[in-house]
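# Topology and contacts: notes
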Amino acid sequence: MNGVSSHVRDEIDDLVGGRLDSEAVRRIELHLASCEPCRREWNAVRRTREALRESTKEVELPPEVSSRVIAALDREAVSGSVVRTQFRVWAWAAAAAAALIAGVSLLLVRSPAPIEASRQVDLAEQTARDFRLIRSSETPLQFRSGSPAAVEAFFKRAGVSFPTRVFDLGMMGYRLEGGLTHRLAGRPSALFVYRTANGKLLVCQMFEATVASLPPGSMIRKHDGTRFYRFERGETTTVFWPEGSVLCVLASDGAPDEVLQLAYAKAAKV
Amino acid sequence: MGAYEMNSWGHRKGSARLFIAYYNRRVAHRNAADEERRMNFEAAAIPLMKTVYSRAISLAGTREDAADLTQDTYLRAFRAFDTFTPGTNCRAWLLTILYSIFVNRYHRKQLEPESMPVHEIERLFQHAVYQETESRSDDPHFWASEDVARALARLREGFRTVILMVDVDELSYEEAAQALDVPIGTVRSRLSRARRILYTELQEYARRTGFLVGGEQ
């Protein structure tokens, strides 16, 4: 039994880990072919390593963990850097005046609570659910047309108070099917639907909100001066971006990068 | 105040304007650099969070501790992102940070693995090796995954950390040594013993469940 120690014992671990040069590998393999004790030991170590690698699989990352990490990074980005503001005397004076006016206004006018503060909704989950409802036809379109202008006019007739921008995605293989008015996080939403020739669905929504209403845990990408917030909810990817006072979102079960590229293509600077 | 005195001299007033313009340019430049740094970090590191969290669970044992460990890893990585070379192995870089935090902050006291004399580990290992027939030993799925996970969890942390680093995460001996703050020779010897203890333990499970000669069934 103890004869192993006088053979290639010290090199078996390196051989199993692939940490030997080809010359050493050849020499040890020759030895293993003719030495049962060393071969048994090599086999035991090799198989243990394989079994360990086989059984150590990645687990699902809970959304709350990624949200927590992103939030910590946000805090770190703010507190870790020096507060860097530009030296503008008039800007400071204007900001102070604005703060004073805002403070007085708050005392005089009781405005409705902003959507972000009043509701704890996961907009990514809601838009992903809307996508699934459209895909399963549980939520039918109220207006069918392949014309962006006609769908925009429908939204206006239906009482959508903000300007909608229904874009033509024909160049990217997506054909407009129509739209419906909808509610998202308690606010009116203009929802319109595209489909490719092979049936791939893309759902877009526009509604009045800010990015502060988005849940944490997004992948943030900046493109052409606009920040895009990508979320994964099950097999659905949602990408949000702001256009003035309106938040736009695309939802699809296509490849996440493809959804992001579609959002880049259609985002308008406001 | 010195600034007002300088304003009474025409050329010094101009100097103050130049300083403000210079300061504003510097601020704008640094803000843009901060933004770019954050974007680069997110692009490189965020997609690996599942890997980091998975390993944190293997190390910490509970999901709560694993979440803490993951967050600490990302914060430290973000602070040290300037030391990361783009295009190199971000996964290995993050995992090295994870292991380093785990070792230093969480379980330094429990990392001394000398629970059993080396010769005793070797004796038990050799005994297990010779109980196994050669034909049986070629089966890669001979041990159940749950048994492997259980045996891994039973390893003392000093062994478990090293075997995860090297065998599962494929960190080099140098990276493992650096994260653990021990000599490379220590990494090698712990790895060797960890593999043998794990094998011995797995064979013991197999014997108890009747899959090896001498078992209960």
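An account of the accompanying structure is given in this report. Bear in mind that the values here come from a model prediction, so they are computed numbers and not experimental data.

The secondary structure content of chain A amounts to 9 helices and 8 strands. Taken over 270 residues, chain A has a buried fraction of 41%. When the accessible surface of chain A is totalled, it reaches about 14,300 Å², and 55% of it is carbon and sulfur.

Another aspect to go through is the interface of chain A and chain B. Accessible area lost during the coming together of the parts is what is often quoted as the interface size. Each partner contributes residues to the interface: chain A has 55 residues there, and chain B has 66 residues. When chain A packs against chain B, the two sides together hide about 5,700 Å² of surface, and 54% of this comes from carbon and sulfur. Where chain A touches chain B, the interface holds 8 salt bridges. Two residues, arginine 188 of chain B and aspartate 14 of chain A, come together in a salt bridge whose shortest N-O distance is 2.7 Å.

Now for the packing of aromatic side chains. On inspection of all chains with the given rule, the structure shows 16 aromatic pairs over all chains. For the pair phenylalanine 81 of chain B and phenylalanine 84 of chain B, a centre-to-centre distance of 5.9 Å together with 15° between the ring planes defines the contact as stacked. The exposure class assigned to phenylalanine 84 of chain B is buried, which follows from its relative accessible area of 9%. An aromatic cluster is built from Phe143, Phe154, Phe155, Phe167, Phe192 and Tyr194 of chain A, whose rings are joined through pairwise contacts. The positively charged end of arginine 157 of chain A is found above the aromatic ring belonging to phenylalanine 143 of chain A, 5.7 Å away from the centroid.

This part takes up the nonpolar core. If you look at the biggest cluster of nonpolar residues, it comprises 80 residues, and the most contacted ones within it are Phe41, Tyr74, Trp93 and Leu94 of chain B. A per-element tally of this core places helix H5 (residues 90-106) of chain B first, with 11 residues. Setting aside residues up to four positions removed in sequence, tryptophan 93 of chain B forms contacts with Phe41, Ala77, Ala80, Phe81, Thr83 and Phe84 of chain B. Counting residues in hydrophobic clusters, the runner-up holds 27 residues, among them Leu169, Tyr194, Leu250 and Val259 of chain A.

What follows deals with the environment of aspartate 68 of chain B. All names here are of chain B. On the secondary structure map, aspartate 68 appears in helix H4 (residues 63-79). Owing to a relative accessible area of 27%, aspartate 68 belongs among the partly exposed residues under this scheme. Here the alpha-carbon distance between aspartate 68 and alanine 56, two residues 12 residues apart in the chain, equals 8.9 Å.

All right, on to helix H1 (residues 9-16) of chain A then. Residue and element names in this part refer to chain A. For H1, a buried count of 6 out of 8 residues is recorded, marking the element as mostly surrounded by other parts of the structure. Considered for burial, the residues of H1 that qualify are Arg9, Ile12, Asp13, Asp14, Leu15 and Val16. In the segment just after H1, glycine 18 is the residue with positive phi, at about 65°.

Here the focus is the environment of valine 246 of chain A. Residue and element names in this part refer to chain A. With respect to the secondary-structure elements, valine 246 resides in strand E8 (residues 246-252). On the accessibility criterion, valine 246 (5% relative accessible area) is buried. Taking the C-alpha atoms as reference points, valine 246 and valine 211, 35 residues apart in sequence, are found 9.4 Å from one another. The residues touching valine 246, leaving out its near neighbours within four places in the chain, are Phe162, Met206, Phe207, Glu208, Ala209 and Trp241.

The rules we used
- Residues numbered from 1 in each chain as written.
- Chains lettered and ligands numbered in written order.
- Predicted model: local features only at pLDDT ≥ 70, side-chain atom pairs only at ≥ 80, totals over all residues.
- Heavy atoms only, no water.
- Helix = DSSP H or I, 4+ residues; strand = E, 2+ residues; numbered from the N terminus.
- Buried < 20%, exposed > 50% of the residue type's maximum accessible area, 1.4 Å probe, protein only.
- Areas by Shrake-Rupley, 256 points an atom, 1.4 Å probe, with all protein chains shown as cover.
- Contact = heavy atoms within 4.5 Å.
- Buried area = accessible area lost by both parts, 1.4 Å probe.
- Salt bridge = Lys/Arg side-chain N within 4 Å of Asp/Glu carboxyl O.
- Phe/Tyr/Trp six-rings, centres within 6.5 Å; stacked < 30°, edge-to-face > 60°.
- Lys NZ or Arg CZ within 6 Å of the ring centre and 35° of its normal.
- Core = buried A, V, L, I, M, F, W, Y, C linked by side-chain atoms within 4.5 Å.

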